[in-house]
Amino acid sequence: MKTNSKKFEPRIVGFLCNWCSYTGADLAGTSRMKSAPNLRIIRLMCSGRVDPSFILRAFQLGADGVLVLGCHPGDCHYQEGNFKALRRVLLLKRILREFGVDERRLRLEWVSAAEGEKFAKVSSEFTEEVRALGPLHLETGVLTQFQGEELPTQEVAA
Amino acid sequence: MKVTIDGRITEVPKGTTILQAAKLLDIKIPTLCYHPLIKPFAACRVCVVETKTRWGDELVPSCQTACRDGMVVNTSNEHVLKARRFILEMMLARWPNVPILRKYAEEAGLKTPRFTSALKDERPDACILCGLCVRACDEVVGASAISFADRGIQRHVSTPFNLESEECIACGACAMVCPTSHIKFEVEDYKGKTPEFLLGPNTAIYVPTLQSVPRVPVIDAESCIHFKTEGCQKCVEACEPHAINHEMKDEEIELEVGQVLIATGFDAFDPTPMAQYGYGRLDNIYTGLDVERMLNATGPTGGKILLKNGQAPRAVGILHCIGSRDENHHRYCSRVCCMFALKFSHLIKERTQGEVYNFYIDMRAFGKGYEEFYSRVLHEGANVIRGKVAEVVQAGWSKRDEGTLLIRCEDTLIGRFREIPVDMVVLCNAIEPRRDAEQVGRLFGLSRSPDGFFLERHPKLDPVATTTDGLFVAGCAQGPKDIPDSVAQASAAAARMLATIAKGAVEIDPVRAEIDELYCSGCRICNALCPYKAIDYIEDKNVSRVNMPLCKGCGTCVAACPAGAITGSGFTDKQVYAELEGVLSV
């Protein structure tokens, strides 16, 4: 079969919590489940560690979509980190809209350590969704103005 | 006090009755209305003995007469026997066929009684009005549900007005003490179960299992007489080291521990919802555990395989994979069923000589020596049919087949539908997670795998630890497994815990948060966020500080700090940015 080199392959960054989602992704792997290869996983101890600036930086560096995966509500290894992630992601979606970034490019999902299947499904589905949205061209966008070490998100929003 | 009984001298404490003293000397005196746990009544006079007094030989009831110092007693000379014969003669006139009276009469040398009574009761289990039951119910049980009614020749034992009594607690004490078995204790029948299964232990105080640790008896508060009437306590009197205490209550004990091994075991799948197999609906259908109980030599049937009607089954069907390997219930394999089914086949065949049919999906004899056992059972003549049973129905259209069960299944190896008549069906029900596994998981912060069992840290490299340090899993709490596997896993877990104890120190993850007080503005956002309250606010410096031993390193505060003053070691902003650059560079 000839591969189509023109076909758009979205670049997706996934922030996975160490206890549930990362283990779930591992399970998907050890269970030999098929999922989209577009996801680039970054392991964090908790989804509560996901600083909104990580997500913005990912978009700035050329990601077409960002997936944040955490434990199911009530199952957080650190009691409630996933709720904090939920708060931040919901707020960040509003800000993304103001940047002109489609909020569907950011998604938060709960994947437990046992849900290898769900991980494979979510990552593949999200890849297809982002593929349908097309590439995110931020080179001309507002985010490129900030190349510094810190991203002053509040000022950008204002 | 010294007493002489039948020429033998013994020393007894004050207050001992002649009967008790005789018992110490192994001299047998017949008794009817006497029971060691009940106060003497001296109604029957069968225990009569002769004592020597200043004014001649006196006949006294031995159950009620206390020993005096220097007393001389004769229990079986002609004087005593003559009196005893006469007493028994009178009783036999009214109750000629009661075995215990006839036995005593024979012992006393009575051939044929001379008298006859108009009130003759020829039943061998006639009531001889000894009153043991009445006194047991009153003194021991404290219920006073039965008593003597009427007088003279009308005297009989009865409940008030001969009606069903609310005072009766169905303890069976009266039936137990009755010397003629006039009072009988009947257990109500229960469909599908032998009465033995329902009865459970037949006393209120028993050793739970012979293997229990510590091996001490327990009191079943539901059947113990004391908890119903506040009476009895006979076990307290009987227990010489005074080890029985009815006042004990369940108590919660708080222990401070550093490590926990979760070995909460499993629940057996309840096959009642699988109506096609008739468990609980049809007779003679048992689960694996029921049969295990039946096969046990100390079990209710003494190790015999019996049908409800008390006969041995002619054919037994063993159904594998009930609730396991089943899309509608549990998808996993329970791992132990094939082997216990083969064990049942072997034992049932050995004990009943009947036919045994195994209905299996796949025979999984994977362990050491298991395959050899499988072929041995096959050579013994057990039938194995590859196919899942469709249903078990009541057969028995003819008188001969009454009560027989019919197993309908497809034999996939010959490709035909089969109907096999059996007398008994054994359902090899699945192992499933305990019903409180979710609460236990929440309590310890444990993850569970899709099948509901607790998740180990790594399926291959760390099968005994969990993702939380100091928490280990073993046995069926982690997944279905047989005894050798459970023992291996539990030993491994114990060794791992001991290793930590022996080391004397605990290694903690270096992933911690740290606040750079130079940049901290004292906004206190992080203080409220920390789920472990590990961040203290230092008022005089107007900064927050991380309490290192409490910090678990989740990083929530790091992400929230508006000043970027907190660094999460191992996951600093710089590291994550570098990672992002790396993953997005291609």
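Note on numbering: residues in each chain are counted from 1, in written sequence order. The order in which chains are written sets their letters, starting at A; the order in which ligands are written sets their numbers, starting at 1. In keeping with the predicted nature of the model, local features appear solely for residues at pLDDT of at least 70, side-chain atom pairs appear and are counted solely at 80 or more, and the whole-chain, interface and lining totals rest on all residues.

Visitor: Explanation requested: the overall build of chain A in the structure shown.
Guide: Here a helix means four or more residues in a row that DSSP labels H or I, a strand means two or more in a row labelled E, and each is numbered from the N terminus. When helices and strands are counted, chain A shows five helices and four strands. Across chain A, helices and strands are ordered from the amino to the carboxyl terminus as β-α-β-α-β-α-β-α-α. Of all 158 residues assigned to chain A, the portion counted as buried reaches 49%. Remark: residues whose backbone-derived C-beta atoms lie within 7 Å of one another are considered to be in contact. Within chain A, contacts between residues at least 6 apart in sequence are counted, and of these 81% link residues at least 24 apart. With C-beta atoms placed from the backbone, a residue is buried if 20 or more other C-beta atoms are within 10 Å of its own, exposed if 12 or fewer are, and partly exposed between those counts.

Visitor: Please clarify how the packing of helix α1 (residues 21-30) of chain A against helix α4 (residues 116-133) of chain A should be interpreted in this entry.
Guide: Two measures define how a pair of helices packs: the angle their axes make with one another and the distance between the axes. Residues and elements named next belong to chain A. Lines fitted to the C-alpha atoms define the axes, with helices restricted to the stretch that makes contact. Angles between their N-to-C directions range from 0 to 180 degrees. Taken N-terminus to C-terminus, the directions of α1 and α4 make an angle of 90°; their axes are 7 Å apart at the nearest point. When the interaxial angle is binned, α1 and α4 end up roughly perpendicular. In this structure, α1 contributes Ser21, Gly24, Ala25, Leu27 and Ala28 to the contact, and α4 contributes Gly116, Phe119 and Ala120. Just so you know the grouping, Ala, Val, Leu, Ile, Met, Phe, Trp, Tyr, Cys and Pro go in nonpolar, Asp, Glu, Lys and Arg go in charged, and all remaining residues, Gly too, go in polar. When grouped by side-chain class, the residues that make up the contact of α1 with α4 number five nonpolar, three polar and no charged. What sets the label is the angle itself: under 35 degrees gives roughly parallel, over 145 gives roughly antiparallel, 65 to 115 gives roughly perpendicular, and the rest give oblique.

Visitor: When you look at the interface of chain A and chain B in this model, what are you seeing that I'm missing?
Guide: Interface size is often expressed as the accessible area that is lost when the parts come together. Taken together, the 29 residues of chain A in the interface contact 28 residues of chain B. Those elements that provide at least two residues to the side of chain A that touches chain B are β2 (39-44), α2 (52-60) and α3 (81-99) of chain A. Looking at the side of chain A that touches chain B residue by residue, the classes come out as 15 nonpolar, six polar and eight charged.

Visitor: Would you explain the confidence of the model for chain A in this entry?
Guide: Parts of the prediction with low pLDDT should not have their coordinates interpreted in detail. Scored from 0 to 100, pLDDT reflects the predictor's confidence in each residue. Residues with a pLDDT of 70 or more make up 84% of chain A, whose mean pLDDT is 84. Low pLDDT, under 50, characterises residues 141-158 of chain A; the predicted model gives this stretch 21 contacts beyond four residues in sequence or across chains.

Visitor: Please clarify how the sheet that holds strand β14 (residues 355-360) of chain B should be interpreted in this entry.
Guide: Note: strands within a sheet are paired through backbone hydrogen bonds, in either parallel or antiparallel orientation. Residues and elements named next belong to chain B. The parallel open sheet is built from five strands, whose spatial order is β12-β19-β13-β14-β15. Whereas interior strands pair on both sides, the edge strands pair on one side only; in this sheet they are β12 (285-287) and β15 (383-386). Looking at each pair of strands side by side, their axes are set apart by 20° on average, direction ignored. For strand β13 (residues 315-322) and β14, the ladder comprises five bridges, and the chain directions are parallel. Bridging from a neighbouring strand, Ile318 pairs with Asn358 of β14. Running over the sheet, helix α10 (residues 337-352) touches β13, β14 and β19 (424-429) and is turned about 175° from β13. At least two bridges found by DSSP between two strands is the condition for calling them paired.

Visitor: Which parts of the structure should I look at to understand the pairing of strand β1 (residues 12-17) of chain A?
Guide: Moving residue by residue along a regular strand, the side chains alternate between the two faces of the sheet. All names here are of chain A. Among the six residues of β1, six are classified as buried, and the element is accordingly described as predominantly covered. Two strands pair when backbone bridges link them, and β1 and β2 are joined in this way by six bridges, in the parallel orientation. Within β2, the position partnered with Val13 by the bridge is Arg40. Crossovers are marked right-handed if the path from the first strand over the helix to the second runs clockwise, as seen with the strands pointing away from the viewer. Regarding topology, α1 serves as the crossover connection from β1 to the parallel β2, and that connection is right-handed.

Visitor: Looking at this structure, how should I read the nonpolar core?
Guide: Residue and element names in this part refer to chain B. Note on terminology: a nonpolar core is any set of buried Ala, Val, Leu, Ile, Met, Phe, Trp, Tyr and Cys residues joined through C-beta atoms within 7 Å. Counting residues in each nonpolar core, the largest one holds 119 residues, and the members touching the most others are Ile318, Leu319, Val425 and Val426. The dominant element in this core, judged by the number of residues it contributes, is α10, at six residues. Not counting chain neighbours up to four residues away, the residues in contact with Val426 comprise Tyr286, Gly288, Val291, Val316, Ile318, Leu319 and Phe344.

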